[in-house]
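Chain residues, written in single-letter form:
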Amino acid sequence: MDYEAFLTEWHDESPTLLVHTSGSTGKPKPMLVEKRRMEASARITCRFLGLKAGDTALLCMPLDYIAGKMMVVRALTCGLQLLRVEPAGHPLSPSHCPSATRIDLAAMVPLQVYNSLQVPAERERLRAVRHLLIGGGAVDEAMQAALRDFPHAVWSTYGMTETLSHIALRRLNGPAASQWYTPFDGVQVSLASDGCLVIDAPAVHDGPLATNDMAELRADGSFRILGRKDNVICSGGVKIQAEEVERLLRPHLSIPYLITRVRDERLGQSVVLLMEQGSATEVQAVCRRVLPKYWQPRHILTIDRLPMTPTGKPARAEAERMAADKIAGGAHPHG
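Values in this document were obtained by computation on a predicted structure and should not be read as measured data.

Draft legend 1. Representation of the sheet that holds strand β10 (residues 188-191) in the model. Strand order across the open sheet formed by four strands is β10-β11-β12-β13, with antiparallel pairing between neighbours. Two strands lie at the open edges of the sheet, namely β10 and β13 (223-228), each paired on one side alone. Pairwise comparison of adjacent strand axes, ignoring direction, gives a mean angle of 50° for this sheet. The sheet contact formed by β10 and strand β11 (residues 196-200) spans four bridges and is antiparallel. Counterpart to Ser190 in the pairing with β11 is Val198.

Draft legend 2. Broad picture of the pairing of strand β5 (residues 105-108). By the alternation rule, side chains of β5 split into Leu105 and Ala107 and Ala106 and Met108, which are all buried. Summarising the sheet, strand β3 (residues 56-59) and β5 pair through two bridges and their orientation is parallel. Its bridge partner lying in β5, Ala57 is registered against Leu105. Where β5 meets strand β6 (residues 131-134), four bridges bridge the pair, whose relative direction is parallel. Note that in β6 the partner of Ala106 across the bridge is Leu132.

Draft legend 3. Expanded view of the packing of helix α2 (residues 35-49) against helix α3 (residues 66-78). Packing of α2 against α3 brings their axes to within 9 Å, and their N-to-C directions diverge by 75°. With respect to α3, the axis of α2 lies roughly perpendicular. Together, Met38, Glu39, Ser41, Ala42, Arg43, Thr45 and Cys46 of α2 and Ile66, Lys69, Met70, Val73, Arg74, Thr77 and Cys78 of α3 make up the contact between the two elements. Looking at side-chain class alone, the contact of α2 with α3 contains seven nonpolar, three polar and four charged residues.

Draft legend 4. Structural view of the nonpolar core. One finds Met38, Leu80, Leu105, Tyr158, Ile167 and Ile199 to be the most contacted residues of the largest nonpolar core, which totals 45 residues. Per element, the largest residue contribution to this core is seven residues, and it comes from α3. Here Leu80 is in contact with Cys46, Leu51, Lys52, Gly54, Asp55, Ala57, Arg74, Ala75 and Leu105, once residues within four sequence places are set aside. Counting 23 residues, the second-largest nonpolar core is a separate cluster that includes Leu58, Val85, Ala106 and Val113.

Draft legend 5. Representation of the pattern of salt bridges in the model. Counted according to the given criterion, the structure contains 18 salt bridges. Its salt-bridge partner being Asp55, residue Lys52 comes within 3.4 Å of it at the nearest N-O pair. Assessed through its relative accessible area of 5%, Asp55 is described here as buried. A single salt-bridge network, built from bridges that share partners, covers Lys52, Asp55, Arg102, Asp104 and Arg130.

Cut-offs used in this document
- Residues numbered from 1 in each chain as written.
- Predicted model: local features only at pLDDT ≥ 70, side-chain atom pairs only at ≥ 80, totals over all residues.
- Heavy atoms only, no water.
- Pairing = 2+ DSSP bridges.
- Helix = DSSP H or I, 4+ residues; strand = E, 2+ residues; numbered from the N terminus.
- Axes fitted to C-alpha atoms, helices over the stretch in contact; angles between N-to-C directions.
- Buried < 20%, exposed > 50% of the residue type's maximum accessible area, 1.4 Å probe, protein only.
- Parallel < 35°, antiparallel > 145°, perpendicular 65-115°, else oblique.
- Contact = heavy atoms within 4.5 Å.
- Nonpolar A, V, L, I, M, F, W, Y, C, P; charged D, E, K, R; others polar.
- Core = buried A, V, L, I, M, F, W, Y, C linked by side-chain atoms within 4.5 Å.
- Salt bridge = Lys/Arg side-chain N within 4 Å of Asp/Glu carboxyl O.

This is how it looks when you write it as C-alpha coordinates:
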(Lines give C-alpha, C1' and ligand atoms only; values in the text may rest on other atoms or scores of the structure.)
Protein backbone atom coordinates (compact mmCIF):
# COMPACT_ATOMS: atom_id res chain seq x y z
CA MET A 1 0.00 0.00 0.00
CA ASP A 2 1.28 3.49 -0.81
CA TYR A 3 1.00 6.56 1.41
CA GLU A 4 -1.76 8.29 -0.55
CA ALA A 5 -3.88 5.13 -0.58
CA PHE A 6 -3.52 4.84 3.19
CA LEU A 7 -4.51 8.48 3.72
CA THR A 8 -7.59 7.97 1.54
CA GLU A 9 -8.59 4.94 3.59
CA TRP A 10 -7.83 6.73 6.87
CA HIS A 11 -10.00 9.74 6.02
CA ASP A 12 -12.97 7.85 4.56
CA GLU A 13 -16.22 7.43 6.51
CA SER A 14 -15.53 3.90 7.74
CA PRO A 15 -14.75 3.66 11.49
CA THR A 16 -12.47 0.68 10.82
CA LEU A 17 -9.33 -0.10 8.85
CA LEU A 18 -8.09 -3.38 7.38
CA VAL A 19 -4.71 -4.59 8.68
CA HIS A 20 -2.81 -7.86 8.42
CA THR A 21 -0.87 -9.79 11.04
CA SER A 22 2.85 -10.27 10.40
CA GLY A 23 2.70 -13.99 9.62
CA SER A 24 5.54 -15.02 11.93
CA THR A 25 3.75 -18.25 12.89
CA GLY A 26 1.83 -18.90 9.69
CA LYS A 27 0.00 -17.04 6.95
CA PRO A 28 -0.74 -13.33 7.57
CA LYS A 29 -4.35 -12.88 8.66
CA PRO A 30 -6.59 -9.91 7.82
CA MET A 31 -8.37 -8.10 10.65
CA LEU A 32 -10.43 -4.94 11.03
CA VAL A 33 -9.36 -2.44 13.69
CA GLU A 34 -11.07 0.71 14.91
CA LYS A 35 -9.49 4.00 13.90
CA ARG A 36 -10.32 5.55 17.28
CA ARG A 37 -8.25 2.85 18.99
CA MET A 38 -5.35 3.52 16.62
CA GLU A 39 -5.56 7.18 17.61
CA ALA A 40 -5.57 6.18 21.29
CA SER A 41 -2.47 4.03 20.75
CA ALA A 42 -0.72 6.93 19.01
CA ARG A 43 -1.44 9.30 21.90
CA ILE A 44 -0.24 6.76 24.49
CA THR A 45 3.10 6.28 22.72
CA CYS A 46 3.70 9.99 22.18
CA ARG A 47 2.80 10.74 25.80
CA PHE A 48 5.13 8.01 27.12
CA LEU A 49 8.03 9.32 25.01
CA GLY A 50 7.30 13.00 25.61
CA LEU A 51 6.83 13.76 21.91
CA LYS A 52 5.09 16.99 20.96
CA ALA A 53 3.60 18.64 17.89
CA GLY A 54 6.30 19.59 15.41
CA ASP A 55 8.65 16.72 16.31
CA THR A 56 9.83 14.65 13.34
CA ALA A 57 8.87 10.99 12.88
CA LEU A 58 10.66 8.78 10.34
CA LEU A 59 8.49 6.37 8.33
CA CYS A 60 10.80 3.70 6.91
CA MET A 61 8.61 0.60 7.26
CA PRO A 62 6.04 -0.67 4.76
CA LEU A 63 2.46 0.49 5.13
CA ASP A 64 1.25 -3.08 4.63
CA TYR A 65 1.72 -3.77 8.35
CA ILE A 66 0.65 -2.17 11.60
CA ALA A 67 4.07 -0.68 12.47
CA GLY A 68 4.11 1.46 9.34
CA LYS A 69 0.45 2.42 9.60
CA MET A 70 0.84 3.47 13.24
CA MET A 71 3.77 5.76 12.47
CA VAL A 72 1.51 7.68 10.08
CA VAL A 73 -1.32 7.71 12.64
CA ARG A 74 1.04 9.10 15.31
CA ALA A 75 1.96 11.92 12.97
CA LEU A 76 -1.67 12.67 12.08
CA THR A 77 -2.96 12.38 15.66
CA CYS A 78 -0.16 14.14 17.54
CA GLY A 79 0.96 16.71 14.99
CA LEU A 80 4.32 15.15 14.21
CA GLN A 81 6.14 15.99 10.99
CA LEU A 82 6.38 12.80 8.96
CA LEU A 83 9.61 12.14 7.09
CA ARG A 84 8.85 9.43 4.55
CA VAL A 85 11.58 7.26 3.04
CA GLU A 86 11.32 4.15 0.90
CA PRO A 87 11.27 1.00 3.07
CA ALA A 88 14.76 -0.46 2.64
CA GLY A 89 17.51 -2.29 4.45
CA HIS A 90 19.48 0.96 4.79
CA PRO A 91 16.80 3.57 5.58
CA LEU A 92 19.35 6.17 6.76
CA SER A 93 21.55 6.09 3.68
CA PRO A 94 21.98 9.53 2.02
CA SER A 95 20.10 8.27 -1.04
CA HIS A 96 17.04 7.59 1.15
CA CYS A 97 17.08 10.05 4.03
CA PRO A 98 18.14 13.74 3.96
CA SER A 99 21.05 14.07 6.35
CA ALA A 100 20.13 17.55 7.62
CA THR A 101 16.76 16.52 9.06
CA ARG A 102 16.48 15.97 12.81
CA ILE A 103 14.67 12.74 13.69
CA ASP A 104 12.83 12.62 17.02
CA LEU A 105 11.16 9.24 16.50
CA ALA A 106 12.09 6.29 14.31
CA ALA A 107 10.85 2.69 14.30
CA MET A 108 12.89 -0.04 12.62
CA VAL A 109 13.19 -3.81 12.51
CA PRO A 110 16.45 -5.31 13.82
CA LEU A 111 17.80 -5.90 10.30
CA GLN A 112 17.52 -2.19 9.45
CA VAL A 113 19.31 -1.28 12.67
CA TYR A 114 22.01 -3.89 12.04
CA ASN A 115 22.61 -2.61 8.50
CA SER A 116 22.75 1.01 9.68
CA LEU A 117 25.34 0.12 12.33
CA GLN A 118 27.70 -1.26 9.66
CA VAL A 119 28.08 2.06 7.75
CA PRO A 120 29.81 4.87 9.71
CA ALA A 121 27.69 7.71 8.28
CA GLU A 122 24.46 5.79 8.84
CA ARG A 123 25.56 4.80 12.35
CA GLU A 124 26.07 8.47 13.26
CA ARG A 125 22.62 9.22 11.87
CA LEU A 126 21.18 6.42 14.00
CA ARG A 127 22.93 7.78 17.10
CA ALA A 128 21.27 11.14 16.53
CA VAL A 129 17.71 9.73 16.63
CA ARG A 130 16.07 10.97 19.85
CA HIS A 131 13.82 7.91 20.30
CA LEU A 132 14.70 4.74 18.36
CA LEU A 133 12.08 1.96 18.58
CA ILE A 134 13.15 -1.54 17.54
CA GLY A 135 10.42 -4.12 16.98
CA GLY A 136 9.37 -7.06 14.85
CA GLY A 137 12.10 -9.40 16.09
CA ALA A 138 14.57 -10.19 18.83
CA VAL A 139 17.40 -7.77 19.59
CA ASP A 140 20.43 -9.96 20.21
CA GLU A 141 23.26 -9.35 22.66
CA ALA A 142 25.67 -8.12 19.98
CA MET A 143 23.22 -5.45 18.82
CA GLN A 144 22.45 -4.42 22.40
CA ALA A 145 26.18 -4.01 23.01
CA ALA A 146 26.52 -1.84 19.88
CA LEU A 147 23.64 0.38 21.03
CA ARG A 148 24.59 0.61 24.70
CA ASP A 149 26.53 3.88 24.46
CA PHE A 150 24.01 5.67 22.21
CA PRO A 151 23.37 9.17 23.61
CA HIS A 152 19.59 9.06 23.15
CA ALA A 153 16.87 6.57 24.07
CA VAL A 154 16.83 3.20 22.32
CA TRP A 155 13.82 0.99 23.02
CA SER A 156 12.78 -2.59 22.32
CA THR A 157 9.02 -2.75 21.77
CA TYR A 158 6.49 -5.40 22.79
CA GLY A 159 3.18 -5.64 21.00
CA MET A 160 1.36 -7.16 18.07
CA THR A 161 -1.14 -6.27 15.39
CA GLU A 162 -4.01 -6.96 17.79
CA THR A 163 -2.67 -4.32 20.23
CA LEU A 164 -2.11 -1.81 17.39
CA SER A 165 1.67 -2.06 17.73
CA HIS A 166 3.39 -1.82 21.11
CA ILE A 167 1.87 -1.72 24.60
CA ALA A 168 5.18 -1.90 26.49
CA LEU A 169 8.79 -0.79 26.02
CA ARG A 170 12.14 -1.63 27.55
CA ARG A 171 15.32 0.46 27.40
CA LEU A 172 18.29 -1.04 25.60
CA ASN A 173 20.83 1.62 26.57
CA GLY A 174 21.83 3.90 29.40
CA PRO A 175 21.40 3.38 33.16
CA ALA A 176 17.75 2.28 32.68
CA ALA A 177 18.66 -0.59 30.29
CA SER A 178 16.72 -3.73 31.22
CA GLN A 179 15.51 -7.12 30.05
CA TRP A 180 12.07 -6.25 31.49
CA TYR A 181 9.29 -4.48 29.60
CA THR A 182 7.36 -1.65 31.26
CA PRO A 183 3.67 -1.56 30.23
CA PHE A 184 2.13 1.78 29.29
CA ASP A 185 -0.28 3.49 31.70
CA GLY A 186 -3.67 1.77 31.56
CA VAL A 187 -2.16 -1.57 30.48
CA GLN A 188 -2.36 -4.53 32.85
CA VAL A 189 -0.64 -7.88 32.27
CA SER A 190 -1.05 -11.28 33.91
CA LEU A 191 -0.17 -14.91 33.24
CA ALA A 192 -2.60 -17.58 32.06
CA SER A 193 -2.45 -21.10 33.52
CA ASP A 194 -0.11 -22.19 30.70
CA GLY A 195 2.38 -19.41 31.52
CA CYS A 196 1.44 -17.21 28.57
CA LEU A 197 1.03 -13.44 28.88
CA VAL A 198 -2.48 -11.98 29.03
CA ILE A 199 -2.84 -8.30 28.11
CA ASP A 200 -5.63 -6.01 29.30
CA ALA A 201 -5.32 -2.76 27.34
CA PRO A 202 -8.85 -1.32 27.08
CA ALA A 203 -7.76 1.75 25.11
CA VAL A 204 -6.57 -0.36 22.17
CA HIS A 205 -8.28 -3.75 22.50
CA ASP A 206 -11.74 -4.83 23.61
CA GLY A 207 -11.33 -7.28 26.53
CA PRO A 208 -8.31 -9.28 27.75
CA LEU A 209 -6.03 -10.59 24.99
CA ALA A 210 -4.46 -14.00 25.52
CA THR A 211 -1.10 -14.23 23.78
CA ASN A 212 1.08 -17.20 22.86
CA ASP A 213 4.11 -15.57 24.52
CA MET A 214 5.55 -17.42 27.48
CA ALA A 215 6.49 -14.78 30.05
CA GLU A 216 7.79 -14.05 33.52
CA LEU A 217 6.16 -11.32 35.66
CA ARG A 218 7.47 -9.14 38.46
CA ALA A 219 5.46 -7.58 41.27
CA ASP A 220 5.76 -4.09 39.75
CA GLY A 221 3.92 -5.22 36.59
CA SER A 222 7.00 -5.44 34.36
CA PHE A 223 7.53 -8.63 32.36
CA ARG A 224 10.12 -10.61 30.43
CA ILE A 225 9.32 -12.68 27.33
CA LEU A 226 10.76 -16.21 27.26
CA GLY A 227 9.45 -17.21 23.82
CA ARG A 228 6.29 -18.31 22.04
CA LYS A 229 4.21 -21.23 23.27
CA ASP A 230 4.10 -22.38 19.62
CA ASN A 231 7.89 -22.71 19.74
CA VAL A 232 8.09 -25.06 22.71
CA ILE A 233 9.84 -28.28 21.69
CA CYS A 234 8.70 -31.32 23.70
CA SER A 235 11.64 -33.71 23.51
CA GLY A 236 11.70 -36.83 25.66
CA GLY A 237 9.42 -35.20 28.23
CA VAL A 238 11.56 -32.04 28.45
CA LYS A 239 9.98 -28.73 27.33
CA ILE A 240 12.52 -26.62 25.46
CA GLN A 241 11.86 -23.02 24.38
CA ALA A 242 13.36 -22.48 20.91
CA GLU A 243 14.05 -18.78 21.57
CA GLU A 244 15.88 -19.59 24.81
CA VAL A 245 18.17 -22.00 22.94
CA GLU A 246 18.84 -19.28 20.36
CA ARG A 247 19.54 -16.76 23.13
CA LEU A 248 22.11 -19.01 24.79
CA LEU A 249 23.89 -19.66 21.48
CA ARG A 250 23.88 -16.05 20.29
CA PRO A 251 27.11 -14.92 22.01
CA HIS A 252 28.93 -17.94 20.59
CA LEU A 253 27.70 -18.19 16.96
CA SER A 254 28.28 -15.42 14.42
CA ILE A 255 26.60 -17.28 11.54
CA PRO A 256 22.88 -16.84 10.72
CA TYR A 257 20.93 -19.66 12.40
CA LEU A 258 17.61 -20.53 14.02
CA ILE A 259 16.19 -23.32 16.13
CA THR A 260 13.22 -25.42 15.04
CA ARG A 261 11.89 -28.96 15.60
CA VAL A 262 10.97 -32.16 13.79
CA ARG A 263 8.93 -35.20 14.76
CA ASP A 264 11.00 -37.91 16.39
CA GLU A 265 9.76 -41.50 16.86
CA ARG A 266 11.65 -41.97 20.11
CA LEU A 267 11.59 -38.49 21.66
CA GLY A 268 8.30 -37.15 20.27
CA GLN A 269 10.11 -34.08 18.90
CA SER A 270 13.77 -33.25 18.52
CA VAL A 271 15.70 -29.99 18.33
CA VAL A 272 17.01 -28.86 14.92
CA LEU A 273 19.48 -26.07 14.20
CA LEU A 274 19.22 -24.55 10.73
CA MET A 275 22.13 -22.46 9.44
CA GLU A 276 23.06 -20.77 6.19
CA GLN A 277 26.78 -21.53 6.36
CA GLY A 278 29.49 -22.82 8.66
CA SER A 279 30.85 -26.10 9.90
CA ALA A 280 28.33 -28.48 11.46
CA THR A 281 31.15 -30.03 13.52
CA GLU A 282 32.17 -26.66 14.96
CA VAL A 283 28.56 -25.68 15.67
CA GLN A 284 27.96 -29.01 17.36
CA ALA A 285 31.00 -28.38 19.58
CA VAL A 286 29.61 -24.97 20.58
CA CYS A 287 26.22 -26.51 21.38
CA ARG A 288 27.81 -29.17 23.57
CA ARG A 289 29.77 -26.53 25.46
CA VAL A 290 26.95 -24.01 25.91
CA LEU A 291 23.63 -25.86 26.05
CA PRO A 292 22.13 -28.17 28.69
CA LYS A 293 22.35 -31.83 27.72
CA TYR A 294 18.68 -32.21 26.78
CA TRP A 295 18.67 -29.01 24.68
CA GLN A 296 21.32 -30.26 22.24
CA PRO A 297 20.26 -30.13 18.55
CA ARG A 298 19.82 -33.64 17.23
CA HIS A 299 20.11 -32.30 13.68
CA ILE A 300 22.32 -29.45 12.41
CA LEU A 301 21.29 -28.66 8.84
CA THR A 302 22.68 -26.24 6.25
CA ILE A 303 20.12 -24.50 4.02
CA ASP A 304 20.43 -21.79 1.36
CA ARG A 305 18.55 -19.12 3.28
CA LEU A 306 16.81 -18.95 6.63
CA PRO A 307 13.05 -18.38 6.18
CA MET A 308 11.98 -14.91 7.32
CA THR A 309 8.70 -12.98 7.24
CA PRO A 310 8.44 -9.64 5.35
CA THR A 311 8.87 -7.86 8.70
CA GLY A 312 12.13 -9.63 9.47
CA LYS A 313 10.96 -12.26 11.97
CA PRO A 314 11.87 -15.95 11.70
CA ALA A 315 9.14 -17.74 9.73
CA ARG A 316 8.83 -20.58 12.25
CA ALA A 317 6.26 -22.71 10.42
CA GLU A 318 8.29 -22.57 7.21
CA ALA A 319 11.49 -23.44 9.12
CA GLU A 320 9.79 -26.53 10.53
CA ARG A 321 8.68 -27.60 7.06
CA MET A 322 12.16 -27.06 5.61
CA ALA A 323 13.76 -29.12 8.37
CA ALA A 324 11.29 -31.97 7.88
CA ASP A 325 11.79 -31.96 4.11
CA LYS A 326 15.58 -31.94 4.39
CA ILE A 327 15.61 -34.82 6.88
CA ALA A 328 13.10 -36.76 4.76
CA GLY A 329 15.47 -36.21 1.84
CA GLY A 330 18.23 -38.04 3.67
CA ALA A 331 20.17 -35.22 5.33
CA HIS A 332 22.77 -36.42 7.82
CA PRO A 333 21.91 -35.49 11.45
CA HIS A 334 24.89 -33.12 11.61
CA GLY A 335 25.23 -31.92 8.06
